[in-house]
Amino acid sequence: ATHSNWVVNKLYSALLDVFPDASLWPERLHLVRESYHNKVFEGNQCRILLKNVDKLELLPRTRKAADTIEPFISTFYAFDKVVKSCFGMKLDLALLKEGLKEFNSSFSRTNVRTSSKIHMVQAHLLPYIEQINEGLGKRSEQAAESCHHKFNSLWQHYKIKNMSHPSAKERLLKCVVNFNSCNV
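Quick caveat: nothing in here was measured; it's all calculated off a predicted structure.

Basis of the calculations
Residues numbered from 1 in each chain as written. Predicted model: local features only at pLDDT ≥ 70, side-chain atom pairs only at ≥ 80, totals over all residues. Heavy atoms only, no water. Axes fitted to C-alpha atoms, helices over the stretch in contact; angles between N-to-C directions. Helix = DSSP H or I, 4+ residues; strand = E, 2+ residues; numbered from the N terminus. Parallel < 35°, antiparallel > 145°, perpendicular 65-115°, else oblique. Left-handed = near helix turned anticlockwise from the far one by under 90°. Contact = heavy atoms within 4.5 Å. Nonpolar A, V, L, I, M, F, W, Y, C, P; charged D, E, K, R; others polar. Buried < 20%, exposed > 50% of the residue type's maximum accessible area, 1.4 Å probe, protein only. Core = buried A, V, L, I, M, F, W, Y, C linked by side-chain atoms within 4.5 Å. Phe/Tyr/Trp six-rings, centres within 6.5 Å; stacked < 30°, edge-to-face > 60°. pLDDT = per-residue confidence, 0-100.

## Here we look at the packing of helix α6 (residues 93-108) against helix α7 (residues 116-132)
Reasoning step 1: In the contact formed by α6 and α7, the axes pass within 11 Å of each other and the chain directions differ by 160 degrees. Our classification of the angle between α6 and α7 gives roughly antiparallel. You can see that α6 and α7 cross each other, and the crossing is left-handed. On the side of α6, the interface is formed by L93, L96, K97, L100, F103, N104 and F107, while α7 contributes I118, V121, Q122, L125, L126, I129 and E130.
Reasoning step 2: Tallied by class, the residues present in the contact of α6 with α7 amount to 10 nonpolar, 2 polar and 2 charged.

Encoded structure:
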């Protein structure tokens, strides 16, 4: 999963530990955690959760429960700002700075251990974004997967069964040249 998916999944799992009724949040949004990789929400599901944090706010039935999940709610809202600000093709540097400030403050109140991926978001995302001065959309895992899929489709017209055949390297080169010339 991308860093953003991982952060959402990490926060959600920790939230379930302190507030088991949080399972109603994705359930009411008709979201199901995928069973591979220790039950996770995938990219679009993570975005749906972040866009619907208000539904999570409605779940606590007691003041104590509301107080318990408030740091998580604030962290999800803040992380949504971070994602909106730079995880697509466009960059909103002011929103990123605001979102990161809120994320860092609220995340510390969740008592969730800071993993390496959360550290990457907290400490390295802003300097990297300021260096490249654009959104992360062009650098995403999804963009690479999309490119890989396009190449594999074209490769079907060039490939031969026996890759140790003398013409295999030449066929691969022709496919790469064709692919690159069509995708500059």
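Still more to cover.
## Structural notes on the side chain of Q45
Reasoning step 1: Tracing the sequence through the fold places Q45 in helix α3 (residues 43-51).
Reasoning step 2: Residue class for Q45 comes out buried when judged on its relative accessible area of 14%.

## Topic: the nonpolar core
Reasoning step 1: Residues L15, W25, L56, F76, F79, F103 and L125 are the most contacted members of the largest nonpolar core, which totals 39 residues.
Reasoning step 2: Top contributing element to this core by residue count: helix α5 (residues 63-86), with 10 residues.
Reasoning step 3: Those residues in contact with F76 that sit more than four places away from it in its chain are V8, L11, Y12, L15, W25, L50, V53 and L56.
Reasoning step 4: F151, L154, W155 and F179 belong to the second-largest nonpolar core, a separate cluster that totals 6 residues.

## A closer look at the packing of aromatic side chains
For any pair of aromatic rings, the description rests on two quantities: the centre-to-centre distance and the angle between the ring planes.
Reasoning step 1: Enumeration over the complete set of coordinates arrives at 6 aromatic pairs.
Reasoning step 2: Where Y12 meets W25, the ring centres are 6.3 Å apart and the plane angle is 50 degrees; that geometry is what we call tilted. Here Y12 is found in helix α1 (residues 3-18), whereas its partner W25 is found in helix α2 (residues 24-28), with 13 residues between them in sequence. In this pair, the class of Y12 matches that of W25, namely buried.
Reasoning step 3: Ring plane angle 65 degrees and centroid distance 6.3 Å describe the contact between F79 and F87, whose orientation is recorded as edge-to-face.
Reasoning step 4: You can call F79 buried: its relative accessible area is 0%.
Reasoning step 5: Given the relative accessible area of 23%, F87 is considered partly exposed.

## Let's talk about the confidence of the model for the protein chain
Reasoning step 1: Residues at a pLDDT of 70 or more form 91% of the protein chain, whose mean pLDDT is 89.
Reasoning step 2: No element of the protein chain has a lower mean pLDDT than helix α8 (residues 141-155), which averages 68, and none a higher one than α6, which averages 98.

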